[in-house]
Amino acid sequence: MADGIPTWEEVARDYGRFLYTVAYRLAGNDDDAQDLVQEALLRVRRGLERYEPGSLEGWLARIVTNLFLDDMRRRKRRPTSALPDDPDRVVPPTPAADESSRELPAHLQEALAALPEDFRVPVVLCDVADQSYEQIASTLGVPVGTVRSRIHRGRRLLRTTLTEGAS
Amino acid sequence: MSEHELTEDLLSAYLDDELDAGARADVETRLAASAEWRTILDEVRDTRDAVRRLPAVDGPTEFWARVMADDTVVDLASERRRRRMPRWGLAVAGAAAAAVVVIGVVAVPQPNRVHPAVATLSDEHAARSSVGNDVISSLASIAVPTRLGR
Amino acid sequence: MKPAGMKRARSGTIGRLVLIAAIVGTACLVIATEATAGDDPEALLRKARDASATANVAGVVEVRWVDGDQVFVERVGARSRGDAYVVGRGEHVAVGRDGMRYAADDGVATRWGSGDQVHAPEPGTAWKLEIDDPAHVAGRAASVVSARDAAGRVRARFYVDRSTHLLLRRDVFDRSGALARSVRFVRLSTGAAAPAVPQLPTKGSQVAATSDVPDGFTAPDHLGAFRLLGRYRHPDGTLQLFYGDGLFSLSVFEQSGLVDWDAMPNGGRRGQVEGQRAATYSTAAGTVVVWGEQGLVLTGVSDAPTDTVQAVLPGVANDNQSTVDDVVNFVFGPFGWE
């Protein structure tokens, strides 16, 4: 590493697992994760000369996230629905008291992959890539308040999906 | 916390330590008074911690071997085709693995990167607008200096 | 008049030149009918449009626009006689002559040809127009026409000189009623001498009217209430589609490629168009939105209210989509675009 800038090989070797984990949690399967990681490493190779030493993981998370979102748009080719304003439209009312178990069933990855990407991406960036709300806002090009809202609603929706799946 | 409404959305930010001192205090006051909020907080904490406990994921060994090979860069398009081949096709491909094609990064066609000249296009539009519409108001927007960025 | 400390975003020793020769003659001295509350607002705006083509004035124009929480105010001199217009001076000059517009940048003049045969819609097609109480602008009595959107909100006002029918002022408002952009005379006199037209560079390139839409490019006939009025091919290959809704105009520039976001100017507000990342800028000419879709880099520029522009842009890459009926399909944060 020279002047705080890693070589491409160092990035692939030292951050490959991080990249793959984020890509996998976003995409939900190995095939797509591998495509994302390969494309991300190509971008890293081209972008290293412009990289300013700082949060390398943040930079890498941003690259793979943007690639994931671009891929989603290409696949969908349909308008994005506006997010519902009312959280009750996303999360059902509070479950009954006898569902007080705090243990979550398995298949968390499946539940995560089933989240709409508008919720999944910020949850993954926060809880998998360990990014701050401000970093996430910068990556997604949205205000911090939007990040806050999506993370919270994403977590609640994830919880509902898991508890409904368990029952 | 005068500028934000005290909504449930703040609970995740509270957990993630993303609130300022004032907002944090407001949330704690509400938590002390609301059993519902405490329940939601517990649920969100459980969910968040479960996601955070998910293990890191390593890609397949052969994947990284190809990526890290000294003078071999995988052609993405070929790689995708390889993965989608049926099993019998994979056997054939395996036999031909020794003849893997070495393709440099530059062989992958890259799209043209464009950054529109915002100020110029703005003036071009105003110039065209001045034909058949009010001339002076359109031309005036061209004559003033364009300022972008802060 | 260039305020001290201002700097131009574009380099070049010669500012943009747009040249028009206008002969006013007695046309503007024809006695104008005083506008009354019973006047047809569309007719009044048409008179203003006609008067613009033969104006004989000298004055100072103030341009004011809002960009986020910043307000920009600039003043420039303006002179016109017959079909010649000179606004600004020195490096910051816009000139028109003989029905053509000349734009020069770095010493190269671009000769602009209209070549359009399609007429713009009538002013009242997309907006509800009505006569408001009269006002004064630059010391001159003016009739006022307001334009309301479907929700009944006033989104624009036009102040038309009662004597000459020249447009003295035009304001555009955002959804909350706050002023978004304004162009107005602050000083004005009629019967001016012909303006001194700057020497035009001899080298030039032409923006050519075209009916060819290259493969991969798109040219919808309508974007909401905006009707396609012309297609132009710029020397660098950029395709420009020009639309009008009777009151406002909209250009969509198309370039082949992907947006190089790292190279875009600072200050753009981030959002999305059709699920694609977009950046919005505010300039003196209007709202500028940049986004990429299907291998095209798209830039929309319009003096219409920003939300109007946002509502129609998704239709650019979806030729078969009814943009009038569709829900606005873009995602924005709590602060929105304005």
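Above: the structure in question.
To keep things clear, this report deals only with the structure shown in the data block. Nothing here was measured: the structure is a model prediction, and the numbers come from that model.

Structural notes on the overall build of chain C
If you tally the helices and strands in chain C, you get two helices and 21 strands. For chain C, the proportion of its 338 residues judged to be buried stands at 54%. The contacts of chain C with a sequence gap of at least 6 include a subset with a gap of at least 24, amounting to 57%. Put simply, chain C shows about 14,100 Å² of open surface, and 49% of that area lies on carbon and sulfur atoms.

Considering the overall build of chain B
Counting its regular elements, chain B contains eight helices and one strand. Across chain B, helices and strands are ordered from the amino to the carboxyl terminus as α-α-α-α-α-α-β-α-α. Split into buried and exposed, the 150 residues of chain B put 45% on the buried side. Within chain B, contacts between residues at least 6 apart in sequence are counted, and of these 40% link residues at least 24 apart.

Thoughts on the interface of chain B and chain C
Tallying the contact residues gives 38 residues for chain B and 71 residues for chain C. Of the roughly 4,800 Å² buried at the junction of chain B and chain C (both faces included), carbon and sulfur atoms supply 65%. Our count for the contact surface shared by chain B and chain C stands at zero salt bridges. Linking chain B with chain C are nine residue pairs in polar contact (both at pLDDT 80 or more). Of all elements in the fold, only strand 1 (113–114), helix 7 (118–129) and helix 8 (135–143) of chain B reach the threshold of two or more residues within the side of chain B that touches chain C. Ranked by residues supplied to the side of chain B that touches chain C, first place goes to helix 7 of chain B with 12 residues. Broken down by class, the residue content of the side of chain B that touches chain C amounts to 18 nonpolar, 13 polar and seven charged. Alignment of strand 1 of chain B against strand 17 (residues 258–259) of chain C, held across two bridges, turns out to be parallel. By the bridge assignment, B:Val114 is partnered in strand 17 of chain C with C:Val259.

What to know about the packing of aromatic side chains
Applying the stated criterion across every chain yields a total of four aromatic pairs over all chains. The interplanar angle of 70 degrees and the centroid separation of 5.0 Å between the aromatic rings of B:Phe63 and B:Trp64 together place this pair among those described as edge-to-face. Taking the relative accessible area as the measure of exposure, B:Phe63 reaches 1% and is therefore buried. Given a relative accessible area of 15%, B:Trp64 falls into the buried group. By way of ring pairs, the aromatic residues A:Tyr20, B:Phe63 and B:Trp64 are connected into one cluster. One residue, A:Arg45, lies across the ring of A:Trp8, its end atom 4.2 Å from the ring centre.

Observations regarding the pattern of salt bridges
As enumerated under the stated definition, the model contains 31 salt bridges over all chains in all. C:Arg148 is paired through a salt bridge with C:Glu130; the nearest N and O atoms lie 2.6 Å apart. On the criterion of sequence distance, the pair formed by C:Arg148 in strand 8 (residues 140–148) and C:Glu130 in strand 7 (residues 128–137) is long-range, its members being 18 residues apart. Judged by its relative accessible area of 21%, C:Glu130 is partly exposed. C:Arg153 is paired through a salt bridge with C:Asp149; the nearest N and O atoms lie 3.1 Å apart. Owing to a relative accessible area of 34%, C:Arg153 belongs among the partly exposed residues under this scheme. Bridged by salt links that share partners, the residues A:Asp127, A:Arg155, B:Asp16, B:Arg48, B:Asp49 and B:Arg52 form one connected network.

Brief notes about the pairing of strand 9 (residues 154–161) of chain C
Consecutive side chains of a regular strand alternate in pointing toward one face of the sheet and then the other. Residue and element names in this part refer to chain C. Of all the eight residues making up strand 9, seven are buried; the element is thus mostly covered by neighbouring parts of the structure. Bridging between strand 8 and strand 9 involves seven bridges; their strand directions are antiparallel. Bridge pairing in strand 9 places Val 145 opposite Phe 158. Linking two consecutive strands that pair antiparallel, namely strand 8 and strand 9, is a turn of five residues; a positive phi of about 85 degrees is found at Gly 152 within it. Here strand 9 runs beside strand 10 (residues 167–173); their pairing, made up of five bridges, is antiparallel. Within strand 10, the residue paired with Ala 156 across the bridge is Val 172. In sequence, strand 9 turns back onto strand 10 through a hairpin of five residues, with His 165 there showing a positive phi of about 65 degrees.

Focus on helix 7 of chain B
All names here are of chain B. Between its first and last C-alpha, helix 7 extends 16 Å over 12 residues, near the 16 Å set by a 1.5 Å rise per residue. With 12 of its 12 residues buried, helix 7 lies for the most part within the structure. Buried residues of helix 7: Val 118, Ala 119, Thr 120, Leu 121, Ser 122, Asp 123, Glu 124, His 125, Ala 126, Ala 127, Arg 128 and Ser 129, and no others.

Criteria and thresholds
- Residues numbered from 1 in each chain as written.
- Chains lettered and ligands numbered in written order.
- Predicted model: local features only at pLDDT ≥ 70, side-chain atom pairs only at ≥ 80, totals over all residues.
- Heavy atoms only, no water.
- Helix = DSSP H or I, 4+ residues; strand = E, 2+ residues; numbered from the N terminus.
- Buried < 20%, exposed > 50% of the residue type's maximum accessible area, 1.4 Å probe, protein only.
- Contact = heavy atoms within 4.5 Å.
- Areas by Shrake-Rupley, 256 points an atom, 1.4 Å probe, with all protein chains shown as cover.
- Buried area = accessible area lost by both parts, 1.4 Å probe.
- Salt bridge = Lys/Arg side-chain N within 4 Å of Asp/Glu carboxyl O.
- Polar contact = N/O pair within 3.5 Å; in protein donor to acceptor, adjacent residues only side chain to side chain.
- Nonpolar A, V, L, I, M, F, W, Y, C, P; charged D, E, K, R; others polar.
- Pairing = 2+ DSSP bridges.
- Phe/Tyr/Trp six-rings, centres within 6.5 Å; stacked < 30°, edge-to-face > 60°.
- Lys NZ or Arg CZ within 6 Å of the ring centre and 35° of its normal.
- Expected span 1.5 Å × (residues − 1).

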